[in-house]
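# Notes for the structure review
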Amino acid sequence: MKQSSLAAFLGSKAKRPAVAAAVQASAPQDALQQKAESVPAKPSPKKRVRKSPAPEPAKTFQAEAGPKLKRLRKAGDTVQPAAPEGIEDDMAAAGLSGSRSPTPEAAPQAIASISSTQDADHTEAILTQAEDQKPSSGAVLASAVGTDDGAATTPSASEASETDEDDVLEIGEAAPKPKTKRASKGSKKENAAPKHKKARLKQGTLEGGQLDAESDGDGEGGKKKNPAKRPVLDSKVVGVGTKSLAEAAHHNTFDLSTLGTWQAGKPVPFAFLADAFEAIAQESGRLVITRLLVNAFRTVIALTPQDLLPVVYLCTGQIAPSHEGIELGIGDAILIKALSQATGKSDAILKQQLKESGDLGIVATKARSTQRTMFKMSALTVPFVFKTFRDIASMEGHKSQERKRELISKLLTSSKDNETGYIMRALQGKLRIGLAEQTVLVALAHAVLLQREVGNAKKAVDAGLANRLEEASQSVKQAYSQCPSYDDLIGTLLEHGLENLKDRVHFRAGIPVKPMLAKPTTGVSEVLNKFEDIEFTCEYKYDGQRAQVHLMENGKVSIYSRNAENDTSKFPDVVSVLPQLLRPGVTSAVLDCEVVAFDRGTQQIRPFQVLTTRARKDVKLEDVKVHVLLFAFDCLFLNGDVLVEKTLTERRKALESAIEPRQGVLQVATSKTSRDLAELEVFLDDSVAAGTEGLIVKTLDSTYEPSKRSSHWLKLKKDYMEGAGDTFDVVVIGAWHGEGKRTGVFGAFLLAIYDDDAEEYQAISKIGTGFSEVLLKELADSLREHIIDSPRSYYKFGKPEPHVWFDAQKVWEVKAADISISPKHQAALGLVEAGKGISIRFPRLVRVRDDKTAEQTTSPEQLADMYRNQAAVNHGKQAADD
DNA sequence: GGCCATTGCTCC
DNA sequence: GTTCGGC
DNA sequence: GCCGAACGAGCAATGGCC
């Protein structure tokens, strides 16, 4: 039987005793479950005792491990499924025993019931897997927390149980916080958890080489376990730092025999992926996370390369390239219903648990762990899970929600241990384990390079390796930026490796490029600082939506949104007119544009809010009501030539040569090249007066860097500047419980203004950004005393309603980019438009104002005046009045 | 057919 | 879209 | 500086329900 220790994910050669997987799904949740069900929603002031059940943002499902885990880890000296004594009982208690090791006789039915799509091979694999190959999540724990002498480095049993039994849990504290550093606070309990964390990190160092160990040049974790000497790092390698070099040294510790938990050619067990996620969730350093993922990818490449694509998709929370428009079409509401169907627990209870735990994954894990399964289920495989996701995405029409729910429910009942939570999170499209696209691309590059160069063998790491790894990352990132499709990228990587990747996966007309983005800056002086000796130019930042227009040689036109969604059918007007605006001899082009709403009568740009009222799908030319004007500002492709690696100066020339601008239809963005501070400030004011959001400042010699929020483009908006932009004084009247890293504190607040005449508080906006973690914690505490059971009769608000209502007391100053007419919020109701209130765009907290009373907020009249003075509105209005 | 909740998309 | 925080 | 993960308003489309 294979050692299935996932310590190997970390590159450690040490074989680690694995703890039975049931550990994590069974025992700990029982405790948690109890708590969850006996505890009302937090932060209720009355419930000082036991107010916050499962507060730490559990990035991993391991966080729930309680005292039993400790015990089991001690006992778990053998590799499962030969479960050590004691575990069986726990599993039985959790209703999981039946699902652990399906017997060959019992399983086929279950498999058949799951899917008719899995072939015989898969079925067989499922069975063997389930019997003896299931890597255990416990092993992950062992790898990250426990050790041979685990007792010394893991939280003591007493500590753990103390946490468990403590009646006065502070918000956010029962479980060790996996990732972010906890808000500093001095309570006794608060101290316990960091200790745990520290211990874990320390162990991590021993395991696989933690960052600090690497950077100091010698703390190499492998000291004991990994005697392989780090290569000399002083060689002259271009473009890579010591960290990368040190990191490269880890790659010869990859051990397929430890990681490969299934037979070559068989489908990748979903459990393998879940365990990899679990391992990643416990880390916060990017290098370590990347290495974990690299090792997982290498294993897949070595054993079942055809599953690499679904593995990668599941890692990114995607199910298809965005331009293909394939979407799951499910959200929390359907997921909760599916979970309810799968577990028999009521929606209400599950919703309540979501409020408390802040994570549907945890809710699902918990719900499953106490569930008794009727059948022995076959183990899930990655291709099966992925195919089910695609099936869900393909459903539409009558009863489609019910059918989706059915599939999800089946997935959930087929999942076990840590799989459940990750299925749930994958369906939500956010794994929240500190892993996203950029990291996946790097890991992919490394994995392919290493498998090609070294294969499964261990090889001394030469000094050039770090360099080649870095080059590989760049090349893969570039390829993906220019052709954002994992289908293309991975197909090519598997077939040809990294060689000539640039020539195989590259820009193609008809496939959207990741758009180049700009960074926020706080003022003209910051711009001048950043671009001290560099030539730059400024363009108006129009308030519309990004559009990448592809004009192809065959005459076809495609339009993509900023997120690479295909928006072609939304803009039939653009599709029909644009080919006429190409200069003679132009056969193909890709233009980067901003689309704004445009009033043809008055020849004026209209506000963003007008643009959003356009129909979205299958629009017919004759049905277009809101006309648009395109401001082109870049040209990425012209007559068969890819221009992204040309300078902006050259691309602008190409743009000019490509199109024949037409007033009110297609124009080139207004720009100015100057480095005079005063002149720039005037240009900025002009831009605002013209109804735009401000300026985009660009260096002239820079290439087009897709998807990077590059410092070659800077965003200059009035509302970024200190003392400029609209601010409002508002009072807090409600709040919502936070999710994820905001579990245990409020995640968002409902703000209101006071109407003196009506003597009422009118909701103006929700707010959820601008808060430090410390402040959120303080607010959770300080607002508690203002909680009221139900909203005052003199509160006017829309839906959805907050989880918690407050007595109007606390006044905050908030900033916003714009004021909008709101169908939802009640502020200044009817003052600017009958039956409608006012809200604000991009609200964020500036500061708490202890010097103001609840009745000293911005007034409805002030708000209405501000709206009427708003440049964009005024601009349109003036025009309309002509 | 109208109303509602949900979802995904735009601002990124 | 804005912002915070870890590395 | 990069990356990820919290959170905003508000629109149209979708599907369920009456």
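The rules behind the values
Residues numbered from 1 in each chain as written. Chains lettered and ligands numbered in written order. Predicted model: local features only at pLDDT ≥ 70, side-chain atom pairs only at ≥ 80, totals over all residues. Heavy atoms only, no water. Helix = DSSP H or I, 4+ residues; strand = E, 2+ residues; numbered from the N terminus. Buried < 20%, exposed > 50% of the residue type's maximum accessible area, 1.4 Å probe, protein only. Contact = heavy atoms within 4.5 Å. Areas by Shrake-Rupley, 256 points an atom, 1.4 Å probe, with all protein chains shown as cover. Disulfide = S-S within 2.5 Å. Patch = residues over 30% accessible without salt bridge, like charges linked within 9 Å, V, L, I, M, F, W, Y side chains within 5 Å. Salt bridge = Lys/Arg side-chain N within 4 Å of Asp/Glu carboxyl O. Lys, Arg positive; Asp, Glu negative; His and termini not counted. Charge placed at Lys NZ, Arg CZ, Asp CG, Glu CD. Near = heavy atom within 4 Å. Polar contact = N/O pair within 3.5 Å; in protein donor to acceptor, adjacent residues only side chain to side chain. Axes fitted to C-alpha atoms, helices over the stretch in contact; angles between N-to-C directions. Left-handed = near helix turned anticlockwise from the far one by under 90°. Phe/Tyr/Trp six-rings, centres within 6.5 Å; stacked < 30°, edge-to-face > 60°. Lys NZ or Arg CZ within 6 Å of the ring centre and 35° of its normal. Parallel < 35°, antiparallel > 145°, perpendicular 65-115°, else oblique. Nonpolar A, V, L, I, M, F, W, Y, C, P; charged D, E, K, R; others polar. Core = buried A, V, L, I, M, F, W, Y, C linked by side-chain atoms within 4.5 Å. Pairing = 2+ DSSP bridges. pLDDT = per-residue confidence, 0-100.

## Focus: the overall build of chain A
The secondary structure content of chain A amounts to 36 helices and 22 strands. Residues classed as buried in chain A amount to 59% of the 882 residues present. The long-range fraction of contacts in chain A, counting pairs at least 24 apart against all pairs at least 6 apart in sequence, stands at 76%. Accessible area for chain A stands at about 34,700 Å²; split by element, carbon and sulfur atoms hold 50% of it.

## What to know about the state of the cysteines
Scanning the entire structure with this criterion turns up zero disulfides. Looking at the unpaired cysteine 315, the closest cysteine sulfur is the one in cysteine 483, lying at 20 Å. Cysteine cysteine 593 is unpaired, with the sulfur of cysteine 635 as its nearest cysteine sulfur at 9.5 Å.

## Observations concerning a negative patch on the surface
Judged by side-chain charge, Asp756, Asp757, Glu759, Glu855 and Glu861 come together as a negatively charged surface patch. You can call glutamate 759 exposed: its relative accessible area is 55%.

## Details of the protein's contact with DNA strand B
Near DNA strand B you find 20 residues, and of these Glu327, Lys541, Ser561, Arg562 and Asn563 are the closest. In the interface set of DNA strand B, defined as its atoms within 4 Å of the protein, sugar plus phosphate atoms amount to 82%. Lysine 541 has a polar side-chain atom sitting 2.6 Å from a phosphate oxygen of DNA strand B. Looking at the surface near DNA strand B, the elements with two or more residues in it are α19 (332–343) and β3 (545–551).

## With respect to unusual backbone geometry
Glycine aside, residues mostly have negative phi angles, and peptide bonds mostly take the trans form. A cis amide bond links lysine 799 with the next residue in sequence, proline 800, at an omega value of -5 degrees. Tracing the sequence through the fold places proline 800 in the loop between β17 (795–796) and β18 (804–806). Of note in this structure, arginine 432 is not a glycine but carries a positive phi near 40 degrees. Mapping arginine 432 onto the fold places it in the loop between α24 (418–428) and α25 (437–453). At aspartate 618, a position not held by glycine, the phi torsion is positive, near 45 degrees. Among the secondary structure elements, aspartate 618 is positioned in the loop between α31 (608–611) and β7 (628–638). Given a relative accessible area of 63%, aspartate 618 falls into the exposed group.

## Focus on the pattern of salt bridges
Overall, the coordinates contain 31 salt bridges when judged by the stated rule. Of the charged contacts in the structure, one is a salt bridge between aspartate 807 and arginine 792, with a shortest N-O distance of 3.0 Å. Separated by 15 residues along the polypeptide, aspartate 807 in the loop between β18 and β19 (811–816) and arginine 792 in the loop between β16 (787–788) and β17 bring together distant segments of the chain. On the accessibility criterion, aspartate 807 (21% relative accessible area) is partly exposed. In this structure, the salt-bridge partner of arginine 849 is aspartate 851, at a minimum N-O distance of 2.7 Å. Counted as one network, the salt bridges with shared partners bring together Lys541, Asp543, Glu693, Lys717, Asp818 and Arg841.

## A few points about the environment of lysine 777
Tracing the chain through its elements places lysine 777 in helix α34 (residues 773–782). Owing to a relative accessible area of 7%, lysine 777 belongs among the buried residues under this scheme.

## Observations regarding helix α18 (residues 308–316)
Most of α18 is tucked away, with eight of its nine residues classed as buried. Listed as buried for α18 are Leu308, Pro310, Val311, Val312, Tyr313, Leu314, Cys315 and Thr316. Those residues of α18 that are buried lie in contact with α16 (270–281), α17 (286–303), α22 (382–394), α25 and α27 (486–496). In the segment just after α18, glycine 317 is the residue with positive phi, at about 75 degrees.

## Section: the packing of helix α21 (residues 360–369) against α24
Closest axis-to-axis distance for the α21/α24 pair is 8 Å, and the angle between their directions is 145 degrees. Crossing handedness for the pair α21 and α24: right-handed. Residue-level inspection shows Leu360, Gly361, Ala364, Thr365 and Arg368 of α21 in contact with α24, the latter providing Thr420, Gly421, Met424, Arg425 and Gln428.

## Observations regarding the packing of aromatic side chains
Scanning all chains against the criterion turns up 23 aromatic pairs. Summarising the aromatic geometry, the rings of phenylalanine 633 and tryptophan 713 are spaced 6.3 Å apart at their centres and angled 75 degrees between planes, so their arrangement reads as edge-to-face. Taken together, the residues phenylalanine 633 in strand β7 and tryptophan 713 in strand β12 (residues 709–717) connect sequence positions 80 residues apart. Summarising the burial analysis for this pair, phenylalanine 633 and tryptophan 713 share the class buried. Plain terms: the ring middles of phenylalanine 746 and phenylalanine 806 are 5.6 Å apart, the flat faces sit at 85 degrees to each other, and that makes the pair edge-to-face. Here phenylalanine 746 is found in strand β14 (residues 746–755), whereas its partner phenylalanine 806 is found in strand β18, with 60 residues between them in sequence. Phenylalanine 806 shares its class with phenylalanine 746; the two are buried. Among the aromatic side chains, those forming a connected cluster through ring pairs are Tyr754, Tyr761, Tyr794, Tyr795, Phe797 and Trp805. Above the ring of tryptophan 736, the side-chain terminus of lysine 766 is found at 4.2 Å from the ring centroid.

## Quick notes on the packing of α25 against α27
α27 packs onto α25 with a crossing angle of 15 degrees between their chain directions and a minimal axis gap of 10 Å. For the element pair α25 / α27, the angle class is roughly parallel. Once α25 is placed against α27, the crossing between them reads as right-handed. Contact residues: Glu437, Val440, Leu441, Leu444, Val448 and Arg452 in α25; Tyr486, Leu489, Ile490, Leu493, Leu494, Glu495 and His496 in α27. Per-class residue counts for the contact of α25 with α27 are nine nonpolar, one polar and three charged.

## Quick look at the nonpolar core
If you look at the biggest cluster of nonpolar residues, it comprises 96 residues, and the most contacted ones within it are Phe270, Phe297 and Leu489. Beyond its immediate chain neighbours, meaning those up to four positions away, phenylalanine 297 contacts Leu308, Val311, Val312, Cys315, Val440, Ala443, Leu444 and Ala447. Formed by 35 residues, the second largest nonpolar core is a distinct cluster that contains Leu528, Leu629, Phe683 and Leu716.

## Comments concerning the pairing of strand β15 (residues 760–767)
Here β15 lies mainly inside the structure; seven of its eight residues are buried. Pairing analysis gives seven bridges linking β14 to β15, with the strands arranged antiparallel. By the bridge assignment, tyrosine 754 is partnered in β15 with tyrosine 761. Counting the residues that bridge the hairpin from β14 to β15 gives four residues, and of these glutamate 759 lies at a positive phi of roughly 50 degrees.

## Examining α34
Burial in α34 covers these residues: Leu775, Leu776, Lys777, Leu779 and Ala780. Among the structural elements, β14, β19 and β22 (844–849) are those in contact with the buried residues of α34.

## What to know about the side chain of aspartate 255
Position of aspartate 255 among the secondary structure elements: in the loop between α14 (242–249) and α15 (256–259). Among the polar contacts listed, one links the side chain of aspartate 255 to the side chain of serine 257, at a separation of 2.6 Å.

## Brief notes about the confidence of the model for chain A
Overall, the predicted model of chain A reaches an average pLDDT of 75, with 70% of residues at or above 70. Below pLDDT 50 for its whole length, residues 63–239 participates in 377 contacts with residues either more than four positions away or in separate chains.

## As for the environment of threonine 853
Note that threonine 853 resides in the loop between β22 and α35 (860–869). Sequence spacing of threonine 853 and valine 730 is 123 residues, and the spatial spacing of their C-alpha atoms is 9.8 Å.

## A word on the environment of glycine 740
With respect to the secondary-structure elements, glycine 740 resides in the loop between β13 (726–737) and β14. A sequence separation of 383 residues divides glycine 740 from serine 357, and the C-alpha atoms of the two residues are 8.3 Å apart.

## Thoughts on the side chain of serine 820
Structurally, the position occupied by serine 820 is in strand β20 (residues 818–822). The class for serine 820 is buried, based on a relative accessible area of 17%.

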